[in-house]
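# Report on the structure
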Amino acid sequence: MNLTRVELRKHIRKMRRALSTEQQLTASHQIALQVKQLGLMNARCKIAAFIANDGEISPQDIIKDAWQLDASVYLPVLHPFAENHLAFFSFQENSKMRINKYNIPEPYISCPTICPVNELDLVFVPLVAFDKQGNRMGMGGGYYDRTFAQVKNSKTRLIGLAHDCQCVEKLPVESWDVPLDMLITPSQIYSFN
Ligand SMILES: Nc1nc2c(c(=O)[nH]1)N(C=O)[C@@H](CNc1ccc(C(=O)N[C@@H](CCC(=O)O)C(=O)O)cc1)CN2
Ligand SMILES: Nc1ncnc2c1ncn2[C@@H]1O[C@H](COP(=O)(O)OP(=O)(O)OP(=O)(O)O)[C@@H](O)[C@H]1O
């Protein structure tokens, strides 16, 4: 990782953390409306989302809509054995949660509530920066890239969620980067490929 990548990450993280609570709530509402208008979810869907952290746009309203539709919702959990990989566990309104090493809440792991990654239909992906070619830069752990490296040819669609201010002209592409299928901001929908 070179300095440019580090500096860009730092700069955009600072910008998104500067958004007010009201801006965050409005943004969450707007991306949920975008998802609704696209008709991406139904009762048979298995959907992965995340709990917003560090000024990320919150999928909370998308999660509520998914529950309403009776779709199954999953959250990432830092994999207990496979280093820098994620596993996805069921998230329901009454799910018991624990805090991981990054201070992000995640469901307790239990065998019956895991969803194999290649069975996920939609994966809403957090990110720090994106460009209009479908490239994404995350927090730097390589978690999403590692976890979805094997499933990029499956039905699983990766959909980035971001504030408009996280758009950059062009991201340096690394060999391991897994590209997004779609990216949704409060004001834009980008479809790739
Ligand atoms: N909301 C959310 N959940 C997610 C991710 C994410 O990007 N967003 N991840 C996507 O991969 C995984 C966690 N990856 C993360 C990697 C680094 C940091 C982070 O804040 N790093 C701090 C140092 C934290 C520490 O070590 O104490 C930092 O760099 O300042 C957070 C999450 C799984 N869950
Ligand atoms: N499929 C992979 N196999 C092995 N190493 C990988 C893979 N994907 C990423 N990495 C490693 O992970 C590190 C972090 O990658 P990168 O900076 O692209 O993460 P990120 O996309 O920002 O993070 P995240 O996916 O957690 O949000 C890199 O040093 C890279 O070598």
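Going by the structure above, here's the rest.
Numbering of residues starts from 1 in each chain and follows the order in which that chain's sequence is written. Each chain takes a letter, starting from A, and each ligand takes a number, starting from 1, following the order in which they are written. A pLDDT threshold of at least 70 governs which residues receive local features in this predicted model, and a stricter bar of 80 or more applies before side-chain atom pairs are shown or counted, although totals over entire chains, interfaces and linings include all residues. Values shown for side chains rest on all heavy atoms present in the structure; no hydrogens or waters enter the calculation.

## Examining the site of ligand 2
A single heavy atom is enough: if one lies within 4 Å of a molecule or strand, its residue is considered near that molecule or strand. Contacts to ligand 2 come from 16 residues, most closely from Arg-136, Gly-138, Tyr-143, Tyr-144 and Trp-176. Nitrogen and oxygen atoms within 3.5 Å of one another constitute a polar contact, given that in protein one can donate a hydrogen and the other can accept it, and given that sequence-neighbouring residues count only through two side-chain atoms. One of the side-chain N or O atoms of Arg-5 is found 3.1 Å from an oxygen atom in ligand 2. At 3.0 Å from an oxygen atom of ligand 2 is found a main-chain nitrogen or oxygen belonging to Tyr-144. Each helix is a run of H or I in the DSSP string that is no shorter than four residues. Each strand is a run of E no shorter than two, and both are numbered from the N terminus. Of all the elements in the fold, those that place two or more residues in the shell around ligand 2 are α1 (3-17), β9 (136-137) and α4 (143-148). In terms of residue count, α4 provides more of the shell around ligand 2 than any other element does, four residues in total. Here the nonpolar group is Ala, Val, Leu, Ile, Met, Phe, Trp, Tyr, Cys and Pro; Asp, Glu, Lys and Arg are the charged ones; every other residue, Gly included, is treated as polar. Across the shell around ligand 2, the residue classes tally to six nonpolar, four polar and six charged.

## Digging into the sheet that holds strand β2 (residues 72-78)
Taken together, eight strands build an open sheet; the order of strands is β6-β3-β2-β1-β7-β10-β11-β12 and the sheet is mixed. The open sheet has two edge strands, β6 (114-115) and β12 (189-191), and neither has a second partner. Whether two strands pair comes down to DSSP finding at least two bridges between them. Across two bridges, the pairing between strand β3 (residues 86-90) and β6 is antiparallel. Opposite Phe-88, over in β6, you have Cys-115 as the bridge partner. Contacting β7 (122-125), β10 (157-161), β11 (182-184) and β12, helix α2 (residues 21-38) crosses the sheet at an angle of about 135° to β11. Residues are treated as being in contact if the distance between any of their heavy atoms lies within 4.5 Å. Axes, fitted as lines to C-alpha atoms, cover a helix only where it is in contact. Angles between the N-to-C directions of the axes lie from 0 to 180 degrees. Helix-sheet contacts for helix α3 (residues 60-68) involve β1 (46-48), β2, β7 and β10, and the interaxial angle to β2 is about 135°.

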